[in-house]
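Observations on chain architecture
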Amino acid sequence: MPAVLDDVSAEILDLKKQLGATILAHYYQDGEVQALADITGDSLKLAREATKVDSPVIVFCGVLFMAETAKMLNPSKTVLLPDLAAGCSLVDACPADKLERYQEKLRINGRKFQTVCYINSSAKVKALSDWVVTSGNAEDIVRNKVPAGYEILFVPDKHLGRYLQEVTGREMILWDGSCMVHEVFSVGDLLKMRRRHPGAKTIAHPECPQNILELSDFVGGTEAMLKYLGGFGRPTEFLVATEPNMLWQFQRRFPQHTYLPVPGITCACNNCPHMARNTLEKIRDCMVNREPEIRWQPEFDRAKDVLARSLLNPPATAPVQPAGD
Ligand code: SF4
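Described below are features of the structure shown in this document.

Definitions and cut-offs
- Residues numbered from 1 in each chain as written.
- Predicted model: local features only at pLDDT ≥ 70, side-chain atom pairs only at ≥ 80, totals over all residues.
- Heavy atoms only, no water.
- Helix = DSSP H or I, 4+ residues; strand = E, 2+ residues; numbered from the N terminus.
- Rg over C-alpha atoms; globule rule 2.2 N^0.38 Å.
- Contact = heavy atoms within 4.5 Å.
- Areas by Shrake-Rupley, 256 points an atom, 1.4 Å probe, with all protein chains shown as cover.
- Lys, Arg positive; Asp, Glu negative; His and termini not counted.
- Charge placed at Lys NZ, Arg CZ, Asp CG, Glu CD.
- Pairing = 2+ DSSP bridges.
- Axes fitted to C-alpha atoms, helices over the stretch in contact; angles between N-to-C directions.
- Core = buried A, V, L, I, M, F, W, Y, C linked by side-chain atoms within 4.5 Å.
- Buried < 20%, exposed > 50% of the residue type's maximum accessible area, 1.4 Å probe, protein only.
- Salt bridge = Lys/Arg side-chain N within 4 Å of Asp/Glu carboxyl O.
- Polar contact = N/O pair within 3.5 Å; in protein donor to acceptor, adjacent residues only side chain to side chain.

Our next topic: the overall build of the chain. Along the backbone of the chain there are 15 helices and 12 strands. For 325 residues, the compact-globule estimate of 2.2 N^0.38 gives 20 Å, and the chain sits close to it at 20 Å. Taking the principal axes of the C-alpha coordinates as reference, the chain spans close to 65 × 55 × 35 Å. Residue pairs at least 24 apart in sequence account for 66% of intrachain contacts in the chain once pairs closer than 6 positions are excluded. Counting every atom, the chain has about 13,500 Å² of accessible surface; 52% of that belongs to carbon and sulfur. Taking the average location of the 37 positive side-chain charges in the chain and that of its 40 negative ones, the two points are 5 Å from each other.

The strand order across the open sheet built from four strands is β10-β9-β11-β12, with neighbouring strands paired in parallel fashion. Of all strands in the sheet, those bounded by a partner on one side alone are β10 (218–219) and β12 (258–261). The pairing of strand β11 (residues 237–241) with β12 spans four bridges and is parallel. Residue Val 240 lies in a different strand from β12, and its bridge partner there is Pro 261. Sheet contacts for helix α12 (residues 222–230): β9 (201–204), β10, β11 and β12; angle to β9, the most-contacted strand, approximately 160 degrees. Contacts between helix α13 (residues 246–253) and the sheet are confined to β9, β11 and β12, with β12 contributing the most and set at about 175 degrees to the helix.

This brings us to the nonpolar core. Phe 60, Phe 154, Ile 203 and Phe 250 are the most contacted members of the largest nonpolar core, which totals 76 residues. Top contributing element to this core by residue count: helix α4 (residues 64–73), with six residues. Beyond its immediate sequence surroundings of up to four residues, Phe 154 is in contact with Val 116, Tyr 118, Val 133, Leu 160, Gly 161, Leu 164, Met 172, Ile 173, Leu 174 and Trp 175. The next biggest cluster of nonpolar side chains, apart from the first, holds 19 residues, and it includes Leu 19, Val 33, Val 57 and Met 287.

Following the criterion strictly, the structure yields 17 salt bridges and no others. When the shortest N-O distance is used, the salt bridge between Glu 291 and Arg 295 registers 2.8 Å. On the basis of relative accessible area, Glu 291 is assigned to the partly exposed category, the value being 34%. A salt bridge links Arg 295 to Glu 293, with the nearest nitrogen and oxygen atoms 3.2 Å apart. Arg 295 sits in the partly exposed class, given a relative accessible area of 43%. Look at the salt bridges and you will find they share partners, linking Glu 11, Arg 284 and Asp 285 into a network.

On to unusual backbone geometry. In this structure, the amide linkage connecting Val 155 to the following residue, Pro 156, adopts the cis form with an omega of -15 degrees. In this structure, Pro 156 sits in the loop between β7 (151–155) and α9 (158–168). Geometrically, the link from Glu 291 to Pro 292 is a cis peptide bond, its omega value of -5 degrees lying close to zero. Mapping Pro 292 onto the fold places it in the loop between α14 (280–289) and α15 (300–312). Positioned with a positive phi, Arg 290 is a non-glycine residue whose angle comes to about 50 degrees. Along the chain, Arg 290 falls in the loop between α14 and α15. For Arg 290, a relative accessible area of 37% translates into the label partly exposed.

This part takes up the environment of Leu 44. As for its position among the elements, Leu 44 is in helix α3 (residues 43–50). Sequence spacing of Leu 44 and Met 172 is 128 residues, and the spatial spacing of their C-alpha atoms is 23 Å. Not counting the four nearest positions on each side in its chain, Leu 44 is found in contact with Thr 134, Gly 136, Asn 137 and Leu 311.

Another point: α3. Residues Ser 43, Leu 44, Leu 46, Ala 47 and Ala 50 constitute the buried set of α3. On its buried face, α3 sits against β1 (21–26), β2 (39–41), β3 (57–61), α4 and α15.

Structurally, the position occupied by Ser 89 is in helix α5 (residues 89–93). Note on Ser 89: relative accessible area 17%, which makes it buried. Among the polar contacts listed, one links the side chain of Ser 89 to the backbone oxygen of Ser 178, at a separation of 3.2 Å. Setting aside residues up to four positions removed in sequence, Ser 89 forms contacts with Ser 178, Cys 179, Met 180 and His 274.

Interpretation in functional terms is not warranted from these geometric data alone.
Okay, here's the thing in C-alpha cells:
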C-alpha cells in the first residue's frame, strides 16, 4: 500500500468498507491497482481464493473470464468487474459454436478424446470441456486426470498446449489460439539482451512461442516464477518474457534483483490492453454503481461443475512448472 493515497484510492478503500467488499487483482494489473487489493494472484490462485472470501461483494480486477470464474465458484456473491469489455485474445480465438462443430467432427470420425480447455476461455467453452486447467495445474490434469487411451483436444492456447505435449509426452490436438501479449516477444531483442547481460537468467511464461521458451533458463507461470526467484539469494539480473506488470510484484517481493522486460516486436512494452481497462476510476465507479455485475448465465450451470472438479480438488502430485496467467 502506498504511504500517501491519492483521492481515488482513498475513495475505493472507503467504499470497500461500506460495501463489505474484497478486492481481488491479477498480477497483470497496474501496480497501483495491485497495491489496493486484498488478494493478488494468478488465475488459479484467484479462483481458489475467491471461494474463501466471506464478504458479500467481490471486486474482480482482471478480465471477464476470471470474473465469471469467481461468480461460478461463488454463486451467491455479487461479483463486480470494473470494465465488462476487458476480454482476452485467447477467449476470442475459440468461439463455442466452432468448438462444438469440431468436437462433433472428431466423434463422427471415431476419435476417442477428452477436451481440456485453458481457463482463458468463455463459460460456454468450459461447459463443452471435460477439464479446465490453468498453467498451475495443467501438467497434473494432463498427466493424472485424463485417462490413458484418450486423445486430448487442447483449447485454445497452442503454445501452452505444445509445451504440455513436450513435458508430459501426451499427444494433443491443438487449437490455433494464442495470447496477443505473449505471442509477440522479439527473439532478436532477447538475443541482444542476452549478449548485453551475459550473467542474466531468462524467464518466460509458457504462453510464449517455442523460440522464446528455447532461449529461457526457466519456463513457468506467474506463481512458479515467484517461487523460482525466491531461490536466488544473491542479487541477480532477470530478463522477463511475460506481461510487464508482473515486474511490480517481482520488485515488491524480491527487491534485491534487477528485472529487465523483454520487449515486443512492435513496441517497447507488451502490456495487456484488456487488463489495462481496469483503471482506479472504473474500480471506484463500479463500487458506487454496483455495476457492471457478473450475472448468472445458463452455461454457468455445467461450466461450474467442470471448474470445481478441475481447480478445487487438490492435485494428485505437486505441480512442477508452470504456474501462471
Ligand atoms: S495477457 Fe494474454 S492471456 Fe492474459 S488476459 Fe491478456 S490477452 Fe488474455
